[in-house]
Amino acid sequence: MGYSGLRVIKEGFFGQKGWKPVWRDPAPKAAYDAIIIGGGGHGLSTAFYLAKEHGMTNIAVLEKGYIGGGNVGRNTTIVRANYFLPGNSEFYSHSLKLWEGMEQELNYNVMHSQRGLINLFHSDGQRDAFARRGNAMINQGDDAILLDRDGVRDILPYLDFDNVRFPIYGGLYHPRGGTARHDAVAWGYARGADQRGVDIIQNCEVTGIDIEDGVVKGVQTTRGVINAKKVGIVVAGRSGQVAAMAGMRLPIESHVLQAFVTEGLKPVIDHVVSFGIGHFYISQSDKGGLVFGGDIDFYSSYAARGNLPMKEHVMDAAMTLMPMIGKAKVLRSWGGIMDMTPDGSPIIDKTPTEGLFIDCGWCYGGFKAVPGSGFSFAHLMATGNHHEPAAKYRLDRFRTGVGLMDEEGTGSQHNLH
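An unreviewed UniProt entry lists the chain under the name Sarcosine oxidase subunit beta, from Yoonia maricola. Annotation of the chain in UniProt includes, under Subcellular location (unreviewed entry), the sentence "Cytoplasm".

Printed below as a string of structure tokens:
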């Protein structure tokens with residue numbers, strides 16, 4: 001079923017009775033050419049691009065819960081391509097280009113809004129660092145504008161520019177950055193994959209991975225054994241647990257990242273704003289709620305909820321940057337499980353087991369990477385070769401020390417990224 005404005009009007013005249021389910025609910029088959037473990041944004045986009053770009057349609061996406069119930073529906077929805085280091089810069093640039101064509105490609109409204117993102121800086125040193133980052137972005141072919149204090153004030157007049165401890169010196173403006181509706185991205189990719197013959201199987205938890213003589217044969221699930229020639233692990237914060245089923249120990253720690261939303265307000269924040277001192281970022285949703293977040297909870301956890309001290313830390317940063325937010329009422333908070341690597345950059349690679357592939361370690365960058373990750377992982381699974389924009393995301397860099405990409409320069413400690 002194609003979606004269009006004309007179709008919406010037509011259904012309005014006939015009682016909305018012509019809409020069909022967005023994707024099928026099939027029973028798992030005994031065998032597939034490929035299995036994707038994880039029905040989040042990355043897993044669904046991988047399945048979509050395997051079918052669309054490589055003609056593989058005998059594929060199953062196995063999701064232990066429901067589509068949109070994991071990290072893809074538990075984030076602050078930010079889309080950007082403002083990375084600095086080679087390896088990250090070209091990947092996120094490629095991903096942003098896919099974002100810009102996503103709604104036409106999927107025939108699905110993911111509410112992608114390129115409202116612009118501004119990273120604030122608060123010292124001469126930060127200004128120099130952001131000027132360097134902006135030049136790297138421009139060299140990559142992306143957009144970046146260095147704003148002085150007055151330039152930021154023209155766009156964001158509601159900030160506290162004269163905070164005694166953290167005065168605002170300026171900001172790096174990324175006009176093509178913005179937001180998207182997180183769960184709509186999952187639904188759009190699920191619909192697109194289903195239309196191309198992919199089986200999306202919900203409530204099907206993987207409990208084991210079958211390996212014989214170093215070759216993957218399939219998976220054990222709560223709905224029976226499913227055989228496959230290729231298996232991709234794309235399970236975000238659960239990556240370490242699922243990889244352990246194949247006898248692997250990943251260089252991954254799982255931490256909770258909290259997010260918050262306020263009551264609906266009249267439009268006040270037109271951009272995505274990132275505080276340069278306290279780790280804090282905020283935007284306003286189409287429903288009027290202020291959506292914001294900050295640092296991860298610094299201890300390892302698989303709980304999809306956070307602790308009170310970190311809530312207080314995030315609120316402190318919010319009040320420091322924009323005191324007006326103190327009048328807003330927080331409606332709810334939630335947590336996503338982040339798969340954190342030692343250098344803060346992801347992994348898209350083969351594993352030592354033939355036919356078994358891994359896509360993990362997205363840290364804070366998971367949502368913005370959804371289309372790029374799926375495209376590159378599909379390329380790897382289909383051809384056995386690394387897709388060029390993701391060629392540096394090798395697993396063995398943590399063993400050899402060659403090719404580490406510490407974007408923030410914070411050292412080899414998972415919870416600092």
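Asker: Explain helix α3 (residues 88-106) residue by residue, including any values.
Answerer: The end-to-end C-alpha separation of α3 is 25 Å, in line with the 27 Å expected for 19 residues at 1.5 Å each. Maximal helix bending in α3 amounts to about 45 degrees, located at E100. By the burial criterion, the buried members of α3 are N88, S89, F91, Y92, S93, H94, S95, L96, L98, W99, M102 and L106. Immediately beyond the C-terminal end of α3, within one or two residues, lies N107, with a positive phi of roughly 50 degrees.

Asker: Please provide a residue-by-residue account of the UniProt feature "domain: Rhodanese" (unreviewed entry) in the chain, values included.
Answerer: In the numbering adopted here, UniProt assigns the feature "domain: Rhodanese" (unreviewed entry) to residues 35-78. Annotated as 32% helix and 18% strand, the span residues 35-78 places its first and last C-alpha atoms 29 Å apart.

Asker: Account for the nonpolar core, naming residues and giving values.
Answerer: Counting residues in each nonpolar core, the largest one holds 51 residues, and the members touching the most others are V185 and Y189. Going through the elements one at a time, β1 (31-37), α2 (41-54), β2 (59-62), α3, α6 (182-195) and α9 (370-383) are the ones with two or more residues in this core. Top element by residues in this core is α3. It accounts for seven residues. In this structure Y189 touches L44, S45, F48, Y49, M102, L106, V370 and P371, once residues within four positions along its chain are discounted. V216, A243, I358 and C360 belong to the second largest nonpolar core, which has 27 residues in total.

Asker: Run through the side chain of S45, naming residues and quoting values.
Answerer: Along the polypeptide, S45 turns up in helix α2. Here V370 takes part through its backbone oxygen, which lies 3.0 Å from a polar atom of the side chain of S45.

Asker: Explain the domain arrangement of the chain to me, and be specific about the residues and the numbers.
Answerer: According to the domain assignment, the chain consists of domain 1 (5-77 + 183-251 + 343-400) and domain 2 (112-177 + 253-340). Distance from the C-alpha centre of domain 1 to the C-alpha centre of domain 2: 29 Å. On the domain 2 side, the residues contacting the 15 residues of domain 1 number 22 residues. Summing both sides of the interface, domain 1 and domain 2 together bury roughly 1,400 Å²; the carbon and sulfur share of this comes to 54%. When residues of domain 1 are sorted by the area they lose upon contact with domain 2, R74, T76 and Y364 head the list and together hold 45% of the total. Linking domain 1 with domain 2 are zero salt bridges, by the criterion used here. For the interface between domain 1 and domain 2, the tally reads nine residue pairs in polar contact (both at pLDDT 80 or more). Among the residues making up the side of domain 1 that touches domain 2, the classes are represented as six nonpolar, seven polar and two charged.

Asker: Quick rundown of helix α8 (residues 308-321)? Include the residues and the values.
Answerer: End to end, α8 covers 20 Å across 14 residues, agreeing with the expected 20 Å (1.5 Å per residue, within 8%). Within the span of α8, buried status applies to M310, K311, V314, A317, A318 and L321. Buried residues in α8, looked at end-on, bunch into an arc of 125 degrees, giving them a common side. Facing away from the buried side of α8, by more than 90 degrees, are the exposed residues L308, P309 and E312. Residues of α8 that are buried sit in contact with β4 (117-121), β12 (253-262), β13 (272-275), β14 (280-284), β15 (290-300) and β16 (330-340). Its side-chain oxygen placed 3.1 Å from the backbone nitrogen of M310, N307 serves as the N-cap of α8.

Asker: Before we move on, can you summarise unusual backbone geometry with the specific residues and values?
Answerer: Glycine aside, residues mostly have negative phi, and peptide bonds are mostly found in the trans state. Positive phi values are uncommon outside glycine, yet M111 reaches one of about 55 degrees. With respect to the element layout, M111 can be found in the loop between α3 and β4. Positive phi values are uncommon outside glycine, yet N203 reaches one of about 55 degrees. If you trace the backbone, N203 turns up in the loop between β8 (199-201) and β9 (206-212). Given the relative accessible area of 54%, N203 is considered exposed.

Asker: How would you sum up the packing of aromatic side chains? Please name residues and give values.
Answerer: In this structure the tally under the stated criterion is 16 aromatic pairs. One aromatic cluster is present, formed by Y83, F91, Y92, W362 and Y393 through successive ring pairs. R153 extends its terminal NZ or CZ atom over the ring of F161, reaching a point 4.4 Å from the ring centre. Across the ring face of Y3, the terminal group of R191 is positioned such that the distance to the ring centre comes to 4.1 Å.

Asker: Give a description of a nonpolar patch on the surface that names residues and reports values.
Answerer: A surface patch of nonpolar side chains, about 400 Å² in accessible area, is lined by I9, F13 and F14. Of note, I9 is situated in helix α1 (residues 5-13).

Asker: Let's hear about the side chain of S345: which residues, and what values?
Answerer: With respect to the secondary-structure elements, S345 resides in the loop between β16 and β17 (347-350). Within the structure, S345 has its side chain in polar contact with the backbone oxygen of M405 (distance 2.7 Å). Not counting residues within four places of it along the chain, the set of residues in contact with S345 comprises N88, G361, C363, R397, F398 and M405.

Criteria and cut-off values
- The residue numbers shown here count from 1 along each chain, following its written sequence.
- For a predicted model such as this one, the threshold for reporting local features is a pLDDT of at least 70, and the threshold for listing and counting side-chain atom pairs is 80 or more; totals across whole chains, interfaces and linings nevertheless cover every residue.
- Each side-chain value is worked out from all heavy atoms of the structure, with water and hydrogens disregarded.
- UniProt positions are given in the numbering used here, feature names are shortened, and annotations may be inferred rather than shown by experiment.
- Here a strand is any run of E in DSSP of at least two residues, a helix any run of H or I of at least four, and the numbering for each starts at the N terminus.
- By definition here, a helix of n residues has an expected span of 1.5 Å times n minus one.
- One axis is fitted to the seven residues ending at the residue and one to the seven starting there. The bend at that residue is the angle between these axes.
- Only protein chains enter the accessibility calculation, which uses a 1.4 Å probe; a residue whose area is less than 20% of its type maximum is buried, one above 50% is exposed, and one in between is partly exposed.
- Residue types Ala, Val, Leu, Ile, Met, Phe, Trp, Tyr and Cys, when buried and joined through side-chain atoms within 4.5 Å, form a set referred to as a nonpolar core.
- Whether two residues are in contact is decided by their heavy atoms, any of which lying within 4.5 Å being enough.
- Counted as a polar contact is a pair of N or O atoms within 3.5 Å, where, for protein atoms, one must be capable of donating a hydrogen and the other of accepting one, and residues adjacent in sequence contribute only when both atoms are in side chains.
- An automatic or database domain assignment is the source of the domain bounds shown.
- As used here, buried area is the combined drop in accessible area, with a 1.4 Å probe, of two parts when they are placed together.
- By definition, a salt bridge exists where a carboxyl oxygen of Asp or Glu is found within 4 Å of a side-chain nitrogen of Lys or Arg.
- Under the scheme applied here, ten amino acids are nonpolar (Ala, Val, Leu, Ile, Met, Phe, Trp, Tyr, Cys and Pro), four are charged (Asp, Glu, Lys and Arg), and all others, including Gly, are polar.
- What the arc measures is the spread of directions leading from the helix axis to the C-beta atoms.
- Note on ring pairs: Phe, Tyr and Trp rings are taken, using the six-membered ring of Trp, and paired if centres are within 6.5 Å. Classes follow the plane angle, with under 30 degrees stacked, over 60 edge-to-face and the rest tilted.
- Throughout this description, the term charge over a ring refers to an Arg CZ or Lys NZ atom that lies within 6 Å of the ring centre and within 35 degrees of the ring normal.
- Patch membership requires more than 30% relative accessible area and the absence of a salt bridge. Residues of like charge join within 9 Å; the nonpolar side chains Val, Leu, Ile, Met, Phe, Trp and Tyr join within 5 Å.
- All accessible areas in this document rest on Shrake-Rupley with a 1.4 Å probe, and a residue is counted as covered only by the protein chains that are shown.

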